[in-house]
Protein chains: 2
Amino acid sequence: MEKYLKESSLIIENSIKNELSEINYPTVLKEGISYALLNGGKRLRPILLLMTLELFEINIELGLQYAVAIECIHNYSLVHDDLPALDNDTYRRGQLTVHKKFGEAEAILIGDALLTHAFHILAKEHRDISHNQMIKILQKVTEAAGINGMIGGQFIDVTSGDKKVDLSTLQYIHINKTGKMMKLPIEIGLILANAKQDDIDTMIKFAELLGISFQIKDDILDVEGNFKKLGKTIGKDKNQNKITYPALFGVNESKKILEDKISLAKELIIKKYGVKAEKFVSLCDYMMNRES
Amino acid sequence: MEKYLKESSLIIENSIKNELSEINYPTVLKEGISYALLNGGKRLRPILLLMTLELFEINIELGLQYAVAIECIHNYSLVHDDLPALDNDTYRRGQLTVHKKFGEAEAILIGDALLTHAFHILAKEHRDISHNQMIKILQKVTEAAGINGMIGGQFIDVTSGDKKVDLSTLQYIHINKTGKMMKLPIEIGLILANAKQDDIDTMIKFAELLGISFQIKDDILDVEGNFKKLGKTIGKDKNQNKITYPALFGVNESKKILEDKISLAKELIIKKYGVKAEKFVSLCDYMMNRES
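Residues numbered from 1 in each chain as written. Chains lettered and ligands numbered in written order. Predicted model: local features only at pLDDT ≥ 70, side-chain atom pairs only at ≥ 80, totals over all residues.

K.L.:
Mind showing me how you'd approach the overall build of chain A here?
P.N.:
A count of helices and strands for chain A gives 15 helices and 2 strands. Radius of gyration (C-alpha) of chain A: 18 Å, near the 19 Å computed for a compact globule of 292 residues. Considered along the principal axes of its C-alpha atoms, chain A spans approximately 50 × 50 × 35 Å. Out of the 292 residues in chain A, the part that is buried amounts to 50%. Here the contacts in chain A between residues at least 6 apart in sequence split such that 71% fall between residues at least 24 apart. (Helix = DSSP H or I, 4+ residues; strand = E, 2+ residues; numbered from the N terminus. Rg over C-alpha atoms; globule rule 2.2 N^0.38 Å. Buried ≥ 20, exposed ≤ 12 C-beta atoms within 10 Å, placed from the backbone. Contact = placed C-beta atoms within 7 Å.)

Dropping the structure here:
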């Protein structure tokens with residue numbers, strides 16, 4: 001799995017570099033965008049897209065522009081998240097955050113540019129993708145990244161601050177802030193593959209379980225993780241009184257919940273696709289055991 | 001003209017309210033988005049779209065969703081522009097700026113939500129608009145708002161700070177930061193009207209002259225304007241050592257340049273459309289003489 005993830009990351013990074021080569025000016029804006037995008041991220045979201053295409057035996061080349069667009073959106077959200085007015089983070093993946101490196105005004109605009117550029121890429125024509133598919137994908141993207149998705153979850157997370165919140169608010173935040181952007185690449189893959197309804201049903205359920213697992217694991221890593229491996233400050237959630245699974249259930253119970261979700265996800269996909277689901281099963285294990 | 005502008009603003013505001021009624025949660029995010037969008041703006045950009053449709057005898061209903069999307073993008077850019085790290089403004093159109101009213105983290109996210117929501121609207125199906133037209137419009141929008149448009153211009157403007165810049169940099173900023181978003185509604189109108197190439201050529205030239213005139217007038221108002229009428233702080237450009245037409249040429253010469261551009265724009269459109277261009281001619285006069 002590690003090998004597969006590395007190879008896929010390389011493919012995605014090449015696509016990102018390719019996309020960046022079309023930008024010339026303003027020079028510092030280009031540098032900021034490159035810095036934000038090429039920072040050694042795990043590329044989990046775009047890899048999920050490529051894996052979905054492979055599952056349905058579609059050439060992954062079809063998904064590359066969408067993979068880059070997803071990374072633009074994901075990384076814009078990180079750049080803005082890290083700002084002094086929000087998480088006020090100094091490091092991300094062991095590097096200075098964008099506003100520490102380029103300045104605060106610049107970081108706001110670099111984030112804005114990344115988000116807008118995602119839609120620039122999404123609106124590009126592709127010989128083998130119909131306008132109908134393009135519009136459907138755009139609708140999924142704006143849903144996942146928008147008010148009923150990532151921004152909504154992020155807004156509640158940020159404004160909940162020191163308030164004690166309940167499990168349903170925690171779940172709202174997880175589903176919207178992280179979950180929908182984890183589900184998005186699988187949804188895009190299904191559209192590109194013209195998947196049938198029963199495939200869509202299974203894969204969406206799988207994606208939702210994976211998304212929630214990812215967030216629980218993130219919460220656990222913030223308690224137990226290692227700065228060097230994680231590349232960012234540990235214990236921030238607790239210091240900021242963030243609502244997390246460990247805060248609500250304790251670390252041990254959170255780990256049990258994580259294991260249950262991952263088991264369910266694996267069962268679901270093995271039952272439907274058997275050996276063809278091998279990579280997704282490995283990804284589940286990787287997600288549960290990752291240290292960064 | 002004043003009457004026409006008022007009536008059109010009302011139509012656009014109703015479309016905005018209509019669009020907002022689909023948002024339910026998070027409540028404060030919805031409030032922030034409404035506050036930013038319904039702040040008594042001049043609605044010049046969406047009105048240009050409706051005027052273009054009228055010129056080509058197309059039902060303006062066809063443009064309403066795009067009018068709202070343009071306002072979302074325009075207002076996201078204002079919300080982020082006003083932030084402490086950028087222009088650090090307290091008032092806009094006589095009201096507190098979004099970050100002064102809702103907080104800084106909230107304002108960043110409200111801006112992000114407005115930008116994303118613009119694309120949500122742009123990706124909505126409309127019975128009388130083809131997928132082909134939708135994609136073309138999306139491409140124009142990402143061009144106008146993106147790295148080779150508004151964001152690029154804004155980035156150079158912000159990072160030029162105290163540096164002395166030359167006329168070509170000033171023009172780059174004007175064309176990209178303001179000009180392309182002023183041209184965009186006319187471009188969208190032309191796509192919706194399936195306009196012929198000679199119409200496109202004339203209207204684009206007209207739009208470019210209008211865009212640059214708008215910015216020169218803005219610069220002059222920052223020197224000579226009236227806080228009460230303008231609803232924002234006067235003299236900010238000079239205090240921040242911003243590059244402007246008055247700074248480079250003086251106020252009188254800037255007024256002469258403005259008059260020349262407006263004359264050219266009027267000539268162009270009268271020659272092509274005669275009396276049918278009446279509203280555009282009035283708009284030119286309005287632009288030159290506006291006090292806010």
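K.L.:
What is the right way to look at the nonpolar core in this model?
P.N.:
If you look at soluble globular proteins, the nonpolar side chains tend to sit buried side by side. Within the largest apolar cluster, 173 residues are counted, with the highest numbers of intra-cluster contacts made by Ile 110 and Leu 114 of chain A together with Ile 110 and Leu 114 of chain B. Here Ile 110 of chain B is in contact with Leu 29, Gly 32, Ile 33, Ala 36, Val 79, Val 98 and Phe 102 of chain B, once residues within four sequence places are set aside. (Core = buried A, V, L, I, M, F, W, Y, C linked by C-beta atoms within 7 Å.)

K.L.:
Please explain the environment of His 117 of chain A as it appears in this structure.
P.N.:
Its location among the elements puts His 117 of chain A in helix α6 (residues 104–122). Separated by 48 residues in the primary sequence, His 117 of chain A and Ala 69 of chain A have C-alpha atoms spaced 7.6 Å apart. Not counting chain neighbours up to four residues away, the residues in contact with His 117 of chain A comprise Cys 72 of chain A together with Gly 146 and Ile 147 of chain B.

K.L.:
I keep staring at unusual backbone geometry and nothing clicks. Help me out?
P.N.:
The phi angle of most residues is negative, glycine excepted, and most peptide bonds adopt the trans form. Residue and element names in this part refer to chain A. Backbone torsion omega between Tyr 25 and Pro 26 reads -5 degrees, so that peptide bond is classified as cis. Among the secondary structure elements, Pro 26 is positioned in the loop between α1 (2–20) and α2 (27–37). A positive phi is found at Asn 88, a non-glycine position, where the angle reads about 50 degrees. Looking at the element boundaries, Asn 88 is found in the loop between α4 (64–81) and β1 (91–92). Phi at Asn 194 is positive, roughly 45 degrees, even though this residue is not glycine. Among the secondary structure elements, Asn 194 is positioned in the loop between α9 (167–192) and α10 (197–224). Asn 194 gets classed as exposed once you count the C-beta atoms within 10 Å, which come to 11.

K.L.:
How do you make sense of α2 of chain A when you look at a structure like this?
P.N.:
Given 3.6 residues per helical turn, the α-helix brings residues three or four places apart onto the same face. Along α2 of chain A, the residues that are buried comprise Leu 29, Gly 32, Ile 33, Ala 36 and Leu 37 of chain A. An end-on view of α2 of chain A places all buried positions within 125 degrees of arc, on one side of the element. The elements touched by buried residues of α2 of chain A are α1, α4, α5 (98–102) and α6 of chain A together with α8 (150–160) of chain B. (Arc of directions from axis to C-beta.)

K.L.:
Would you mind going over the relation of the copies chain B and chain A with me for this structure?
P.N.:
Comparison of the two chain copies shows a relationship of rotation about an axis with a shift along it. With an RMSD of 0.0 Å, the fit of chain B onto chain A corresponds to turning through 180 degrees and sliding 0.0 Å along the axis. Both copies are brought into coincidence by an operation consistent with a two-fold rotation axis. Across chain B, the smallest distance between a C-alpha and the rotation axis is recorded for His 131 of chain B, namely 3.0 Å. Interface overlap between copies is the fraction of interface residues in one copy that are interface residues in the other; for chain B against chain A it reaches 100%, indicating a shared surface. (Least-squares fit on C-alpha atoms with pLDDT ≥ 70 in both.)

K.L.:
Is there a simple way to think about the interface of chain B and chain A in this case?
P.N.:
Frequently, the measure chosen for interface size is the accessible area that the parts lose on association. Contact with chain B, which involves 39 residues of that partner, is made by 39 residues of chain A. If you list the elements that add at least two residues to the side of chain B that touches chain A, you get α2 (27–37), α6 (104–122), α7 (131–145) and α8 of chain B. Within the side of chain B that touches chain A, the residues separate by chemical class into 24 nonpolar, 12 polar and 3 charged. (Nonpolar A, V, L, I, M, F, W, Y, C, P; charged D, E, K, R; others polar.)

K.L.:
Looking at this model, I keep getting lost on the environment of Leu 64 of chain A. Mind explaining?
P.N.:
Relative to the helices and strands, Leu 64 of chain A is located in helix α4. Considered as a pair, Leu 64 of chain A and Asn 14 of chain A are 50 residues apart in the sequence and their alpha carbons are 9.7 Å apart.

K.L.:
What is the right way to look at the packing of helix α3 (residues 44–55) of chain B against helix α4 (residues 64–81) of chain B in this model?
P.N.:
The description of two packed helices rests on the angle between their axes and on the distance between the axes. All names here are of chain B. Relative orientation of the contacting elements α3 and α4 amounts to 155 degrees, with a least axis distance of 8 Å. Judged on the interaxial angle alone, α4 and α3 are roughly antiparallel. Relative to α4, the crossing made by α3 is right-handed. In this structure, α3 uses Arg 45, Pro 46, Leu 49 and Leu 50 to contact α4, whose residues at the interface are Tyr 66, Ala 67, Ile 70, Glu 71 and His 74. (Axes fitted to C-alpha atoms, helices over the stretch in contact; angles between N-to-C directions. Parallel < 35°, antiparallel > 145°, perpendicular 65-115°, else oblique. Left-handed = near helix turned anticlockwise from the far one by under 90°.)

K.L.:
Explanation requested: the environment of Gly 94 of chain A in the structure shown.
P.N.:
Mapping Gly 94 of chain A onto the fold places it in the loop between β1 and β2 (95–96). Sequence separation between Gly 94 of chain A and Asn 39 of chain A is 55 residues, and the spatial gap between their C-alpha atoms is 9.1 Å.

K.L.:
Would you explain the packing of helix α9 (residues 167–192) of chain B against helix α10 (residues 197–224) of chain B in this entry?
P.N.:
All names here are of chain B. Look at α9 against α10: their axes get within 8 Å of each other, and the N-to-C directions meet at 145 degrees. Crossing of α9 over α10 shows right-handed handedness. Residues His 174, Thr 178, Gly 179, Met 182, Lys 183, Ile 186 and Leu 190 of α9 touch α10, and the partners they reach there are Asp 199, Ile 200, Met 203, Ile 204, Ala 207, Glu 208, Leu 210, Gly 211, Ile 212, Phe 214 and Gln 215.

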